[in-house]
Amino acid sequence: MTARRPRRALGHRLPAGLVGAGLLALALNALGPHVGGAAAPALAQRSALEAATIDELAARRLAAELRDGDLDAVSPAAFDETIWAEAALSAVRSRRYVRARELAEDILQIDPASVPGDVLIGMVFHRGEGSLPRALYHLDRARERIETGWGPTPTDDGPWRWHALALSELAMVTGEMGRHERRVELLRQRAALYAPSYPADLGWPLMRLRRYDAAREVVETALASEDEAQISMALTALCAIEAEQQRRVESYEACRAAADHERTSAFVGPTSFTNAAEAAIGLLRFDEVERLLLEGSEHFAFGAVANPWLDLVHLYLAQGRTAEALDAVRRMRDWRLRQPAFLDEQNRAETQMAAAAFLIVAGRGQEAAELTRRILQRPDRTGFTSSESEQMEAAAAVLDAVAHRLAAEEVAERAAASLWRERPALWARETSLRLRAWSSSRRAAALSADRRRLLATLRPYLAGSLELPEWLEPEMVDMLGAGVVASALDAAIAEENLDAADGYFTAARVEIVRGAPLTALALAEQALLQLPESEVLLRARIAARGAQAARRLGNRRRATELLDQAMQLDPGVVRRLGGALTVVLESNNTPASRAATAALRRSPRFRVDPGGEFRLRIGGSEERADGCLLGLAATRLACTSVSRRAGEDGAALGRRLAIELQRAAFAPRLDLTQADLQSLDGSPTAAGGPAGEDLRSILSFVTED
């Protein structure tokens, strides 16, 4: 169980690589004596060592011979299924999945009805290739053959060892596929037949089935044991149980206990720390969240679905720390690429969603839209997280809508700076993007209709919500309708006992009452006082909404102050909301500046007004064009310059300046305390200079996956 990103209470996650220490031990070592059923007396005489080896020396000898040799060199006459199967199992243990598959396929070629062959090829498909349906087919076939030929309780002379392996691997696969009811059945069958029983393994699927009392019972049993791995799993399960029952304080205490235990455990990994961070953000303890995630990032574990860097991407974005978010995106993907194939279906889309959120904040809507389309086409399974698939899919649909709407705004800006003959094609492209955004909005609304899910989404950082960062949750008002959200908000407030949640509720009301500017402005002012300073992107959105309300009321001074505040916190919010700045245009009389001025007058991002408080200064020479956007007190919000290319006339140079200036103006600025990145004009931005090169390098990095 890994805690999800620090934003909304994404799902807690299952610890450990191969679905729990109990299953892992049994599946890799074939564990030991059968303790229940008719065969118990005979099998109880077997030692775990005897059960795990059969002919260890011969297996090692064959494994060594095959490691660097050719299978064709082994005489078929010397084939012994037991020895070959042991060699294949040895290859699985050492993660040499290509070798294991070769051996398993040869076993099945010689004997298509081989039980060990089916079990082994199933293990390879699961662990080495992440093909869960194919793994399920072979493992089910092996189990059926055993239970048909030897009964549900294989005797001492039957293939009971492969039966134990098949049950354990099937429990892993069905859990990863989200078939928790069947996983419970498999685990109970295994516990009835083979020792030890590993009760903690039942905690996770019972929690996913919302059988909380039964889950607590098995957790208590595991906590009373002396098995270190079972205790760790039980603490993690208890953390998830409390979180899914939406008990903030109890969840925090249970998740912190799991993290404290992890620090002294031989099985230390990232999961308990990300879960504890998830619980800490539920109490708005943002500094503690970052400390826990950074601690988790020091404990990479092969096969653990938790990725602390993914959570840090979301935390840093929400706090407006774009430089750290950029670095965390790289580390997030590096972490994921080190993981085994079977995790690919569990966290690929989740990783891409974090990258898409980064691209949206960075003002790269078209790249983000390419990514979100792929996410919707291939969503993650949710076997390792406490989230339901609908939570993830709804969040992906919201991201897709926002990304396509942002891309449409970018195309509209480009159309304004293009030649008249190029505009119709760009307008058609803009319309197509807006239609896609509308379609994804409808999909998100349908997936968000569940009452528990909607109420959890309106309550800050609570389990059971959409897997969205808080700064994107206001999008749900337009998608579901103000009346629906207003009714749900009243219910959410009645259920909430976190005092610091008031700012989030007020922010939601700002979106709901946008049509009443007097009320909207008052609520925006209140929300800005109540929201934590760490919620930089959410505060920027509320400031922008307050500016819109103030302008409708004719209060231009307050509108400008709020809009300047939004631009300082998150300049991209103006574009994402389809807003515009009222500007005074100043330019010299070069061909480039005349073309740039004409393009900016047509842009949806600017309203030209002699009384505007923002200023656009366009200048330069025949070979170079410069532009700056100035805010209150002539502060530089963004500046950029472009040089003439070979064969480019002054008008084309000016149109290109208009595009680049808008890209610079509505992209996040990097803090010099975070990264020593500075543009030529002295204003750090993510759209030009060294920072721009850094951003461009990350674009190919996050979109190539």
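Below you will find a few notes about this structure. As the structure is a computational prediction, the values presented were derived from the model and not from experiment.

**Considering the overall build of the protein chain**
(1) Moving on: Helices and strands together make up the secondary structure of the protein chain, namely 33 helices and 5 strands.
(2) Moving on: Looking at the protein chain as a whole, 62% of its 705 residues qualify as buried.
(3) Moving on: For the protein chain, contacts bridging at least 24 residues in sequence account for 69% of all contacts bridging at least 6.
(4) Moving on: As displayed, the protein chain has an accessible area near 25,900 Å², and 51% of this comes from carbon and sulfur atoms.

**Focus on the sheet that holds strand β3 (residues 614–620)**
Paired through their backbone hydrogen bonds, the strands of a sheet run either parallel or antiparallel.
(1) Moving on: Taken in spatial order, the 5 strands make up an open sheet running β2-β1-β3-β4-β5, and their pairing is mixed. Both outer strands of the open sheet, β2 (606–608) and β5 (636–643), are each paired with one neighbouring strand and no more. Each strand of the sheet is rotated relative to its neighbour by a mean of 30 degrees, with strand direction disregarded.
(2) Moving on: One ladder, built from 6 bridges, connects β3 with strand β4 (residues 624–630); its direction is antiparallel. Residue R617 lies in a different strand from β4, and its bridge partner there is C628.

**Describing the packing of helix α16 (residues 286–296) against helix α17 (residues 308–318)**
(1) Moving on: Direction vectors running N to C along α16 and α17 enclose 150 degrees, while the axes themselves pass 9 Å from each other. When the interaxial angle is binned, α16 and α17 end up roughly antiparallel. Where α16 crosses over α17, the two elements pack in a sense that is left-handed. Judged by residue contacts, F286, V289, E290, L293, L294 and G296 of α16 engage P308, W309, D311, L312, L315 and Y316 from α17.
(2) Moving on: Grouping the amino acids of the contact of α16 with α17 by side-chain chemistry returns 9 nonpolar, 1 polar and 2 charged.

**Considering the state of the cysteines**
(1) Moving on: Under the counting rule described, the total for this entry stands at 2 disulfides.
(2) Moving on: C628 shares a disulfide with C639; S-S distance 1.8 Å. One disulfide, between C628 and C639, carries an S-S torsion of 115 degrees and so falls in the right-handed class. In this pair, C628 sits in strand β4 while C639 sits in strand β5, placing the two residues 11 residues apart along the sequence. We note that C628, like C639, is buried.
(3) Moving on: In the protein chain, numbering the disulfide-bonded cysteines from first to last in sequence yields the connectivity 1-2, 3-4.

**Observations concerning the side chain of Q339**
(1) Moving on: With respect to the helices and strands, Q339 occurs in the loop between α18 (322–337) and α19 (344–361).
(2) Moving on: For Q339, a relative accessible area of 11% gives the class buried.

**Some details on the packing of aromatic side chains**
(1) Moving on: On inspection of all chains with the given rule, the structure shows 5 aromatic pairs.
(2) Moving on: Considering the side-chain rings of W160 and Y194, the 6.2 Å spacing of their centres and the 25 degrees angle between planes classify their relative orientation as stacked. With a gap of 34 residues between them, W160 in helix α9 (residues 160–176) and Y194 in the loop between α10 (180–193) and α11 (203–208) connect regions that are remote in the sequence. Per residue, the accessibility class of W160 equals that of Y194, and both read buried.
(3) Moving on: Plain terms: the ring middles of Y461 and Y504 are 6.2 Å apart, the flat faces sit at 85 degrees to each other, and that makes the pair edge-to-face. Taken together, the residues Y461 in the loop between α23 (451–458) and α24 (475–480) and Y504 in helix α26 (residues 502–512) connect sequence positions 43 residues apart.
(4) Moving on: Since its relative accessible area comes to 4%, Y461 is described here as buried.
(5) Moving on: Taken together, the ring pairs connect F286, Y461 and Y504 into an aromatic cluster.
(6) Moving on: Geometry around Y252 places R285 over its ring, the cationic atom sitting 4.5 Å from the centre.
(7) Moving on: Here R338 stacks its cationic end above the ring of F300, 3.8 Å away from the centre of that ring.

**Observations concerning unusual backbone geometry**
Excluding glycine, a negative phi dihedral is what most residues carry, and trans is how most peptide bonds are arranged.
(1) Moving on: Along the chain, A195 connects to P196 via a cis peptide bond; the corresponding omega equals -10 degrees.
(2) Moving on: Along the chain, P196 turns up in the loop between α10 and α11.
(3) Moving on: Positive phi values are uncommon outside glycine, yet Y198 reaches one of about 50 degrees.
(4) Moving on: When you line up the elements, Y198 lands in the loop between α10 and α11.
(5) Moving on: Phi is positive for L284, which is not a glycine, with a value near 60 degrees.
(6) Moving on: Its location among the elements puts L284 in the loop between α15 (271–281) and α16.

Definitions and limits used
Residues numbered from 1 in each chain as written. Predicted model: local features only at pLDDT ≥ 70, side-chain atom pairs only at ≥ 80, totals over all residues. Heavy atoms only, no water. Helix = DSSP H or I, 4+ residues; strand = E, 2+ residues; numbered from the N terminus. Buried < 20%, exposed > 50% of the residue type's maximum accessible area, 1.4 Å probe, protein only. Contact = heavy atoms within 4.5 Å. Areas by Shrake-Rupley, 256 points an atom, 1.4 Å probe, with all protein chains shown as cover. Pairing = 2+ DSSP bridges. Axes fitted to C-alpha atoms, helices over the stretch in contact; angles between N-to-C directions. Parallel < 35°, antiparallel > 145°, perpendicular 65-115°, else oblique. Left-handed = near helix turned anticlockwise from the far one by under 90°. Nonpolar A, V, L, I, M, F, W, Y, C, P; charged D, E, K, R; others polar. Disulfide = S-S within 2.5 Å. Phe/Tyr/Trp six-rings, centres within 6.5 Å; stacked < 30°, edge-to-face > 60°. Lys NZ or Arg CZ within 6 Å of the ring centre and 35° of its normal.

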